[in-house]
Amino acid sequence: MIEVRFHGRGGQGVVIASEVLAKAAFKMGFEVSSFPFFGVERRGAPVTAYARIDKNPIRIKSSIYEPDYIVVLDSTLLKGVDLLEGLKPGGKVLINYPDDKTLPEISDRFQYYTLDATAIAATHGIGSKMTPIVNTAIMGGFAKMSDWVSIEAMLEIIREVAPVKKDENVEAAREAYERTREVAV
Amino acid sequence: MIEVRFHGRGGQGVVIASEVLAKAAFKMGFEVSSFPFFGVERRGAPVTAYARIDKNPIRIKSSIYEPDYIVVLDSTLLKGVDLLEGLKPGGKVLINYPDDKTLPEISDRFQYYTLDATAIAATHGIGSKMTPIVNTAIMGGFAKMSDWVSIEAMLEIIREVAPVKKDENVEAAREAYERTREVAV
Amino acid sequence: MPKMTIPEEEHTYPGSTGCPGCGANLVMRYLLKGLGERTIISIPACCWAVMPGYWPSNCLKVPLVYSAFEATGASISGLRAALDMKGVEDVTVVGFAGDGGTVDIGLQSLSGAAERQTDAIYVMYDNEAYMNTGIQRSGSTPWGAWTTTTPVGKNHDFKQEQKKDIMAIMQAHRVPYTATVSVAHPEDFIKKVAKAKAIKGMKFIHALSPCPPGWKANPMYTIEIARLAVDTHVFPLYEIENGKVHVTRKGKGLPVSDYLKLQGRFAHLTPAEVSSIQSAVEANWAILLEKDDSGT
Amino acid sequence: MPKMTIPEEEHTYPGSTGCPGCGANLVMRYLLKGLGERTIISIPACCWAVMPGYWPSNCLKVPLVYSAFEATGASISGLRAALDMKGVEDVTVVGFAGDGGTVDIGLQSLSGAAERQTDAIYVMYDNEAYMNTGIQRSGSTPWGAWTTTTPVGKNHDFKQEQKKDIMAIMQAHRVPYTATVSVAHPEDFIKKVAKAKAIKGMKFIHALSPCPPGWKANPMYTIEIARLAVDTHVFPLYEIENGKVHVTRKGKGLPVSDYLKLQGRFAHLTPAEVSSIQSAVEANWAILLEKDDSGT
Amino acid sequence: MRQVMTGNYASAYGAKLSRAEVIAAYPITPQTSIVEKLAELVSTGELKAKFISVESEHSAMAACISASIVGARTYTATSSHGLTLMHEVLMWASGARLPIVITNVSRAMAPPWSVWADHMDSIAQRDTGWLQFFCSSNQEVLDTTIMAYKICESRNVMLPAMVIEDAFILSHTSEPVDMPEQEAVDSFLPSFSPELKVEIGKPMGFGSLVKPDQYMEFRYKAMLAMKAARERILRVEKEFKQVFGREYGGLLENYRCDDAEVVLVAAGSTAATAKDVVDSLREKGQKVGLARLRVFRPFPHEEFRALASKVAGIAVLDRSYTFGVSGAFFTEIKGSIYDCPKRPAMKNYIAGLGGRDITPKILEKIFDDIQLFVKRREETDVEWVDVAGLPRRWH
Amino acid sequence: MRQVMTGNYASAYGAKLSRAEVIAAYPITPQTSIVEKLAELVSTGELKAKFISVESEHSAMAACISASIVGARTYTATSSHGLTLMHEVLMWASGARLPIVITNVSRAMAPPWSVWADHMDSIAQRDTGWLQFFCSSNQEVLDTTIMAYKICESRNVMLPAMVIEDAFILSHTSEPVDMPEQEAVDSFLPSFSPELKVEIGKPMGFGSLVKPDQYMEFRYKAMLAMKAARERILRVEKEFKQVFGREYGGLLENYRCDDAEVVLVAAGSTAATAKDVVDSLREKGQKVGLARLRVFRPFPHEEFRALASKVAGIAVLDRSYTFGVSGAFFTEIKGSIYDCPKRPAMKNYIAGLGGRDITPKILEKIFDDIQLFVKRREETDVEWVDVAGLPRRWH
Amino acid sequence: MTKSYEEIPLTPISNTPSTMNMTGLWRAFRPIVDISKCKRCTICWKFCPDAAIKLVDFVPVIDLKYCKGCGICSAECPAKCIEMIKEGIE
Amino acid sequence: MTKSYEEIPLTPISNTPSTMNMTGLWRAFRPIVDISKCKRCTICWKFCPDAAIKLVDFVPVIDLKYCKGCGICSAECPAKCIEMIKEGIE
Ligand SMILES: Cc1ncc(C[n+]2csc(CCOP(=O)(O)OP(=O)(O)O)c2C)c(N)n1
Ligand SMILES: Cc1ncc(C[n+]2csc(CCOP(=O)(O)OP(=O)(O)O)c2C)c(N)n1
Ligand code: SF4
Ligand code: SF4
Ligand code: SF4
Ligand code: SF4
């Protein structure tokens, strides 16, 4: 079973991101389950979501404590709580991070991928200029980072779930896929 | 244990009558319990109340099915349901009945007492002229009919419970006591 | 030739178990004369939940749904929605509740029904207290009245609060039609009910409903008391249609004491208290007349 | 020399967990500036039940009692009665609820508190929907607005009912003081609150409270939107003292579209719909001005 | 002084003698005379209290909750629909740990509309975290009201309590009640001064939002409080006895159970009648007893286990029925003695719903039946008593 | 077609596929997305129904009641405080014998305020006369909604049903759900046409006042209906299997219980996790099983008795606690098997209150513990799991 | 009197006319109409709360099975032709 | 983090100032005050929903531990001296 944890802020579509992953994996024949952290958080407050992907039907309903992947939709969260808590040794981390900055000091037990999803979303006019919506772009990046979910499945689902600007969202994800890169720390 | 059933109409103070009896008997050293029939009846509708009197504390909480005494506050009720149902053979019945009329045909297994409580109440100005309140007068009659509750105890309680016109109520009960008579059927 | 001034057909049976002289009985009788048989009524806990009689007795010739005390507004919305889904549109849905069930515990669901524009008529028969439970104060009990929970004690107590102005509250809900009616004026009553029936949306009828035991009054004066309520301007007859006020009966302008003195529940009031009631009634009447659009 | 136009002392801590730019946060901030520390607040379920933070966090410097969603009116009556019994009389009891908790599920207990003349101030912060649960319609949602339960569907749906007029409803309850306040005009806000504090009986304050996520608005425009609500006469500032209406700010009379266009929840409206809102607003404003006693 | 009064007046005087400070109540048959009496006592000044006229029972309880939070002793009374309308806020009161006392005049639920005795309304509150006392006489109603405050306000309890009297059968029956002197009650029951209350000048939020990582600990504390209540009930009753000379048998009153072969478990007014029946059957030589379920919450676990070790059969009379299971008393008693070494034969009798009279005759037949049942246990262990259309006759 | 959706959407689609005609609901976390989805389906015309925006949950249920009385199929959804506010009218619905279906997203009660999973709200309705289905997957939520109508609307049942999904854990978790075709559902579930309903032109009072001499007979009929519901549940599930190919194990799903020495009883989402745990423990050679309590009302009496005859120990996990007693499941199960010839060792585990996570690790420890308990029964048979401050560690 | 559980409906449905209740027995006073004085105004009929007055040719015929004796007809009759007399035992 | 049942009160009493919540971390945009342009009108202070602005000599000092970056101060400043810049990683 693969377990993924998502970090973002209230209003950023973190829950949607986890659902997109689940749906894409489902489309590829996996069994899936995704869920938010169950909170009453307000806009801007850190929120968490989760996804499980497996070959077999998923029955377990408890939370994820030791994920294989971590996705960070908002790099400013790196300042807050320990985002990498529980990540399995060798686990992978995808961070929405400005292309022109280098990652701050961070544990070297994991693999890191970055992607300037904010810039990409802005380019494609997703969300407002002030607050671009990055969840579709970041999922393009996820397809790159993981070797088990295809970018095609991801794009299909993004087209399905995006309420408006379907093409733009798909394009953003595709671009994100291409621009995601592993970084050394 | 002595068991008494009261019949009257909603608004006539039937429940008060049963309480007056209980309180008078209590004053005389008896253990008592009195209760209404538990209904949602409206003004004018037939209502029933009960009293138990005993030497020992009364624990039984069920209804009375075979009373020793029956008190009828309103003679027009004689037209309705069977008022004497369950009365023990030899049981006594007190009826508020016009002095100038004779009782209709009625079972001869019981002893009957009558009393024109309506007239007496009217004389003493209890209630309105149109609707005199007869419950105090009738309890004077009860003291006469029974040999175990004294008219003194009864009058004392009537004075206690009457909200207004205490003297008049007491006088009415005293007069009723005197004018109550056994009638043959 | 003599003529009946109200429809002859009865939609209630004799044998209801209300008190002799009960005004609420008349409210129902006139209401159904005005609405006819294609009517369905929802009744919460109140005297009228008892008046049809113990099971299986029923004194109404139209269908009757009992509802929880606080739920009349919700009940009529449910009835209307279901009938609409079934395509039954020519039926008048009626909520019929006492004053306590309307201005106190039922106010919220009534307000909800008004907000969601339920197509129904809500009738409040106002006996100005909780009568079914034995004369406790309600929000609709007038200032000065005795009830068992506003006892006349050593300190000369009685109801200290003003009667809730349910007509104003419903008006604030901008329902298309509200009217006051009286059992003393059945012709006016039935006319208003028929009018309400023809209007779409939530209609509200406020019926003053004398209650002999609760008002400590002789049952024979039920109509007289209701008439005096109108003639003293204690309970003016008017209707409000889309915000337009129309006083339907000016009344004689008799002193309120004429009205009060037939009722034991006001017997304790001092002359000063009576005249304070008089002033309040006059002030309200003046305001009402000012709003009256009848002339224009 | 510069001067603060509102009291300097803060009765709220930073660190509340409301959204950035939340109008309700300001409503509380101004309210307490107006009332001072001898205040006790009852808060039912609503955003403000969450905003103090998870236990043991509290952003208020005055005592706060949580109550059930529907029970604010009852809660303040209970608080007042208990404090009176304890002889604590110089404390202002406040009920502080959202619009849903006031005009819908809390209306009945509010009405009860008004009828029994509870000496307290009831503040409704009006973000015009159930926000704590994620933007569902309330009785206070204005006509035309999108919410999650009044979706903009194929048939161009949106809220079909008028906003409940809670000021009129409270006025119908004849409470001694009601006022509207805006976070864009804290000086006026605080003045009214201080006035309410000095009056005995039940006071009602209606505060328009912009909600960036719920109104689909940029948080930086919270004040601007509130100001436009006043300037377009969508939300006029006035008070009613013992029935006397007093408009406290005339506003600029800008077109309502200025107000609507900053909010995504109205984005679907057609020009015709916008102008029907314009007419309704103008009509209401005219009525209000007519009632205005300020001049006289 | 002993005087003749109804159960409802006994309730009202119980509240008065306990010096309830804030009373908020809404009328409902057959509770009304409690409220009326209290309104009168307040209006005459005999009781110094605030009487809040509320617009519903939900508000009655909510007003009591807020008043209690700022340290007032509170009282309310209701019945059936009123009690069930309070359901949400009943849970609130226990969760907020407020020692509110309510009288519930236990009555049937509609539909069918019925105003008569039935325990369904009370039983349906068994999960709300309230102490529940079923009373069998007016004296007990009055005394229990006073004791309830003392039990609930103790520091290690701080939970609300429900004093239950059967609709009409107690509420409207007049019988002699010894009314304690106010001074005696005052010295028995100190004034209410909770450790934790909301005070002006002490900013605090009362009843905040708690995350999943902490909620259970608060519930655990309430569980401990209910445990403590058990001991407290016994101690307060002992103290009460010392001052007033009366006692009620703890949580489960054993009446002639010592050498009993079978016992009847019953609560409320039925248990009073049952004592007469036990006496008369004892006279006939039958070894029968009554275990009067006086306190349903906290549940008298230990008491039932002790009883189970002594008797061969237990007849459980429930004046309510939980659809899909059985009477609630029956299920819980069986649950409680499940792992006792000795397992008496248990049978459930559903009786008296909606005010159906429970006569001595019926109770006698139940005793007959349970004695038979002990000998040859049948399939059905839940029997409906006195239902028209069923073969067995009960009169 | 299988698609990924939340439990709440599964609820909404369940109602939609059942062609609910009148929907009245009030928002509450975490039920809101049910209501929002239904509002959307009605607004797009995908669902032909009346959506009544009510001002409280009490009104939501009251509106459903009246709509049902005139023959409409009705649906509502709520949670915690909303459900408990309905308490009075829940009893009304069952007393009036109306087959209303509600989804309850089971959540903790305040105070402390909490929006997380907890069964207290549902359990506290155990006496209201509703059927109660605890679901363990989103698929089950959808399927059970459809089945519930078919079960409840049958002539010999005519009682309302509650479909329960755990707050967030099901309501907000997305997982694959096979969405049946509307045609298939239509042929499985006929339209609602009750024998008894209020119709224009047929004057009748629905739900009248009944005297003590007749009330019990009406209750007796409801008892029979709950009995009939049991058979009906089994039959409808069989039919459902035939049409849709899915089944859920009746009232008490036995998962690897056949040769089990100890079993865990659990309901809702925990039971899903528990299946994984059972599998992994079985792999380690432990003879453990899961008895998933799917239907709490009517109570699976026969099923538990059958289970008791097979196993040595039963661990009962309650996600709620009845103060003064124990978990409700625990009490009722013990009550149910009280007189079974074989009495398994029974222990109660109180876990997951207020959303506390119930992890596989915790369930493993419970299985360990019950196996020990079978061997040496201890005094305490009710244990609180994962409470900070208690000696035992669960992680 | 109590009906078997098999004879009753699921829930109490009242469909028997309330004429099953002999509410005339509640009466303390009985209205006596002096037909000779009757003006056929039908006012008594109009105001009877119990619908206990039938009109025969516009003249009131009081159904004593249901008349509760409230006296409204007597009070409202403009011709004063209805007298209320105390009910007796016949 | 979870407190022992023995350490907590009977029912959740919140008496810790909400300054325990680092809500500044929620911020997406940061207000930068150009003090040189500030007119000391105190308007920014007045309208900050989070009371995150302190005045020092009538000049705003923003407490970034709690400023959520709503931008109201920036929008309302008549001198336009508060700029909102996107929060970065420092
Ligand atoms: C929830 C609830 N609370 C209280 C009652 C008791 N109750 C039944 S009828 C009634 C009084 C009704 O008063 P009103 O609505 O004024 O009608 P009236 O009886 O005066 O005609 C009351 C308090 C109830 N049935 N349900
Ligand atoms: C009885 C009950 N029903 C529903 C809820 C769920 N609920 C909590 S807050 C809320 C919305 C409150 O809306 P409003 O009063 O407008 O305040 P806002 O959240 O918008 O500030 C709702 C529906 C509840 N707590 N209790
Ligand atoms: S108490 Fe009053 S309202 Fe009720 S039935 Fe009697 S007269 Fe009518
Ligand atoms: S949702 Fe709206 S009202 Fe609630 S905290 Fe956020 S901005 Fe404020
Ligand atoms: S006395 Fe009353 S009930 Fe009888 S006929 Fe006259 S009006 Fe009708
Ligand atoms: S950005 Fe908003 S929260 Fe930050 S200081 Fe300015 S007004 Fe306050």
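Calculation notes
Sequence order as written defines residue numbering, which begins from 1 separately in each chain. Starting at A for chains and at 1 for ligands, labels are handed out in the order in which the entities are written. Whole-chain, interface and lining totals are the exception, using all residues; otherwise, since this is a predicted model, local features are given only for residues with pLDDT of at least 70 and side-chain atom pairs are given and counted only at 80 or more. With hydrogens and water set aside, each side-chain value is computed from the structure's full complement of heavy atoms. The term salt bridge refers to a side-chain nitrogen of Lys or Arg lying within 4 Å of a carboxyl oxygen of Asp or Glu. Every helix listed is a DSSP run of H or I at least four residues long, and every strand listed is a run of E at least two residues long, numbered separately from the N terminus. Domain borders in the structure are assigned automatically or taken from a domain database. The contact criterion used is simple: two residues touch if any of their non-hydrogen atoms lie within 4.5 Å. Put simply, buried area is how much 1.4 Å-probe accessible surface two parts lose in total, over both of them, once they are put together. Counted as a polar contact is a pair of N or O atoms within 3.5 Å, where, for protein atoms, one must be capable of donating a hydrogen and the other of accepting one, and residues adjacent in sequence contribute only when both atoms are in side chains. Throughout this entry, Asp, Glu, Lys and Arg are counted as charged residues, while Ala, Val, Leu, Ile, Met, Phe, Trp, Tyr, Cys and Pro are counted as nonpolar. The remaining residues, Gly among them, count as polar. Whether a residue is near a molecule or strand depends on its heavy atoms: if one lies within 4 Å, it is near. Areas reported here follow the Shrake-Rupley algorithm with a probe of radius 1.4 Å; residue values treat only the protein chains shown as occluding. The criterion for strand pairing is that DSSP finds at least two bridges linking the strands in question.

Participant: Kindly report on the pattern of salt bridges, identifying the contributing residues and their values.
Facilitator: This model, assessed by the stated rule, comprises 146 salt bridges over all chains. For the salt bridge of A:Arg59 with F:Asp276, the shortest nitrogen-to-oxygen distance reads 3.0 Å. Taken together, the positions of A:Arg59 in the loop between β3 (46-54) and β4 (69-72) and F:Asp276 in helix α10 (residues 269-283) put the pair across two chains. The salt bridge partner of C:Asp119 is C:Lys203, with a shortest N-O separation of 3.0 Å. One end of the pair, C:Asp119, is in the loop between α5 (107-115) and β5 (120-126); the other, C:Lys203, is in strand β7 (residues 202-208), and 84 residues separate them in sequence. It is possible to trace a salt-bridge network through shared partners that takes in E:Glu140, E:Glu237, E:Glu253, E:Lys275, E:Arg292 and E:Arg294.

Participant: Pulling in residues and values, what's your account of the domain arrangement of chain E?
Facilitator: A common way to express how large an interface is: the accessible area buried when the components associate. Residue and element names in this part refer to chain E. Per the domain assignment, the segments making up chain E are domain 1 (2-244) and domain 2 (252-384). A C-alpha centroid distance of 27 Å is found between domain 1 and domain 2. Listed by partner, the interface residues are 27 residues for domain 1 and 26 residues for domain 2. Both faces considered, domain 1 and domain 2 share a buried interface measuring about 2,200 Å² in area, 52% of it formed by carbon and sulfur atoms. Seen at the junction of domain 1 and domain 2, the total is six salt bridges. Among the ionic pairs, glutamate 332 bridges to arginine 126, the shortest N-O distance being 2.9 Å. Inspection of the domain 1/domain 2 interface yields 15 residue pairs in polar contact (both at pLDDT 80 or more). Contributing elements (two or more residues each) for the side of domain 1 that touches domain 2: α6 (120-123), β6 (131-134), α7 (138-152) and α9 (215-244). Considering every element that reaches the side of domain 1 that touches domain 2, the biggest residue donor is α9, with five residues. Partitioned by chemical class, the residues of the side of domain 1 that touches domain 2 number 16 nonpolar, five polar and six charged.

Participant: Just give me the short version of the site of ligand 1, but keep the residues and values in it.
Facilitator: Taken together, 24 residues lie around ligand 1, and C:Gly100, C:Gly101, C:Tyr125, C:Asn132 and E:Glu57 are the ones closest in. One finds residues of chains C and E in close proximity to ligand 1. Between ligand 1 and E:Glu57, the relevant distance is 2.6 Å, taken from a nitrogen atom to a side-chain nitrogen or oxygen of the residue. Alone, ligand 1 offers 580 Å² of accessible surface; in the complex the protein occludes 99% of this. Broken down by secondary-structure element, the contributors of at least two residues to the shell around ligand 1 are α4 (100-104) of chain C together with α4 (80-85) of chain E. Looking at the shell around ligand 1 residue by residue, the classes come out as 14 nonpolar, seven polar and three charged.

Participant: Describe the interface of chain F and chain G, with residues and values.
Facilitator: Counting residues at the interface gives 19 residues for chain F, matched by 14 residues for chain G. Both sides together, the interface formed by chain F and chain G hides about 1,600 Å², and carbon and sulfur atoms give 65% of it. Area buried by chain F at its contact with chain G is led by F:Leu196, F:Phe218 and F:Lys221, which between them contribute 32% of it. At the boundary of chain F and chain G, one finds zero salt bridges. Counting every contact that joins chain F to chain G gives nine residue pairs in polar contact (both at pLDDT 80 or more). The set of elements that each furnish at least two residues to the side of chain F that touches chain G consists of β9 (205-206) and α9 (215-244) of chain F. With five residues, the single largest contributor to the side of chain F that touches chain G is α9(F). Across the side of chain F that touches chain G, the residue classes break down as ten nonpolar, five polar and four charged. With two bridges connecting them, β9(F) and strand β1 (residues 13-14) of chain G associate as antiparallel partners. Among the inter-strand pairings, F:Phe206 is bridged to a residue of β1(G), identified as G:Ile13.

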